[in-house]
Amino acid sequence: MTKAREWTEEEKQWMTDNLSYVPETGDLVWKEVASSVNNVIRATGTVAGSLNNGYMMIQNYSNGKQYNYRAHRIVWFINYGEVPDILDHINGNRADNRLENLELVTKAENIRKRSYNKLSLKKCRCIRQQYKDTKITQQQLATEYNCDQSTINYCIKGKTWS
């Protein structure tokens with residue numbers, strides 16, 4: 001796990017100027033400025049970002065460069081004024097960015113809490129067999145085994161279990 005990139009003051013200002021946090025849903029929505037950037041409509045009040053590997057990701061284009069941000073870090077910043085190094089999604093759902101679902105953790109705590117640590121070798125072998133023998137998707141397996149799709153992918157590819 002690499003350390004998150006430090007945000008500049010200009011980036012922080014862009015976030016507070018352009019994004020609002022909705023506590024009930026954990027969503028970030030675009031503020032008053034409605035625009036279109038790279039054919040992505042940023043209409044006032046619409047949910048900002050898109051899912052990528054289970055995380056809501058927000059994009060910003062500045063000086064011809066694209067910057068990607070994980071929404072949960074922005075949520076924390078907007079509410080507490082500090083940029084966290086590592087946050088854990090308490091319920092394991094990477095897209096659930098409600099403040100009560102986020103907690104600051106150390107690198108060691110975050111590794112210990114990862115969903116692939118919840119799968120036994122026996123379950124992983126069953127997942128591999130199921131994936132091989134049926135037309136079930138990785139996302140369906142993730143739902144069945146109550147973990148992230150990336151965990152299923154690691155299991156199937158043998159990255160975390162032998």
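Residues numbered from 1 in each chain as written. Predicted model: local features only at pLDDT ≥ 70, side-chain atom pairs only at ≥ 80, totals over all residues. Heavy atoms only, no water.

Colleague: Can you walk me through helix α6 (residues 149–157) in this structure?
Modeller: Structurally, the α-helix is built with 3.6 residues per turn, so residues lying three or four positions apart point the same way. Considered for burial, the residues of α6 that qualify are S150, T151, I152 and C155. Of the residues flanking the end of α6, it is G158, one or two places downstream, whose phi is positive at about 75°. (Buried < 20%, exposed > 50% of the residue type's maximum accessible area, 1.4 Å probe, protein only. Helix = DSSP H or I, 4+ residues; strand = E, 2+ residues; numbered from the N terminus.)

Colleague: Honestly, the state of the cysteines in this entry has me stumped. Any pointers?
Modeller: Where two cysteines share a covalent bond between their sulfur atoms, that bond is called a disulfide. In the structure shown here, the tally under the stated rule is one disulfide. Through a disulfide, C124 is tied to C155; the S-S separation comes to 2.0 Å. Residues C124 and C155 share a disulfide whose torsion about the S-S bond is about 125°; that sign makes it right-handed. On the criterion of sequence distance, the pair formed by C124 in helix α4 (residues 121–133) and C155 in helix α6 is long-range, its members being 31 residues apart. Exposure class is identical for C124 and C155. Each is buried. Considering cysteine sulfurs only, C124 is the nearest to C126, which forms no disulfide, with 9.3 Å between them. This cysteine, C147, is not joined by any disulfide, and C155 carries the nearest cysteine sulfur, 8.2 Å off. (Disulfide = S-S within 2.5 Å.)

Colleague: Looking at this structure, I do not really get the packing of aromatic side chains. What am I missing?
Modeller: One pair of aromatic rings is described through two measures. These are the centre distance and the angle between the planes. Under the criterion given, the structure shown has five aromatic pairs. Ring geometry for W7 against Y69: centres 5.6 Å apart, planes inclined by 90°, an arrangement best described as edge-to-face. A residue pair is termed long-range when its members are at least 10 positions apart, and W7 in the segment before α1 (9–18) and Y69 in strand β7 (residues 65–70) qualify at 62 residues. Taking the relative accessible area as the measure of exposure, W7 reaches 7% and is therefore buried. We classify Y69 as buried; its relative accessible area is 1%. Ring geometry for W14 against Y69: centres 6.3 Å apart, planes inclined by 25°, an arrangement best described as stacked. With W14 in helix α1 and Y69 in strand β7, this pair connects stretches of sequence that are 55 residues apart. The class for W14 is buried, based on a relative accessible area of 15%. In this structure an aromatic cluster arises from ring pairing among W7, W14, W30, Y69 and F77. (Phe/Tyr/Trp six-rings, centres within 6.5 Å; stacked < 30°, edge-to-face > 60°.)

Colleague: Whenever I open this one, empty space enclosed by the protein confuses me. Can you help?
Modeller: Here the idea is plain: a probe the size of a water molecule rolls over the atoms and shows the empty space left. Scanning the model with the defined rule gives one cavity of 30 Å³ or more in all. Taken together, G26, D27, L28, A48, M56, I58, A71 and N97 form the lining of the largest cavity. For the lining of the largest cavity, the elements supplying multiple residues, two or more each, are β2 (27–30) and β6 (55–62). Here the residues of the lining of the largest cavity are counted per class, giving five nonpolar, two polar and one charged. (1 Å grid on protein atoms, 1.4 Å probe; cavity = no way out; pocket = protein on both sides within 12 Å on 5 of 7 lines; lining within 4 Å. Points joined across faces, edges and corners; volume = space filled by probe spheres on them. Nonpolar A, V, L, I, M, F, W, Y, C, P; charged D, E, K, R; others polar.)

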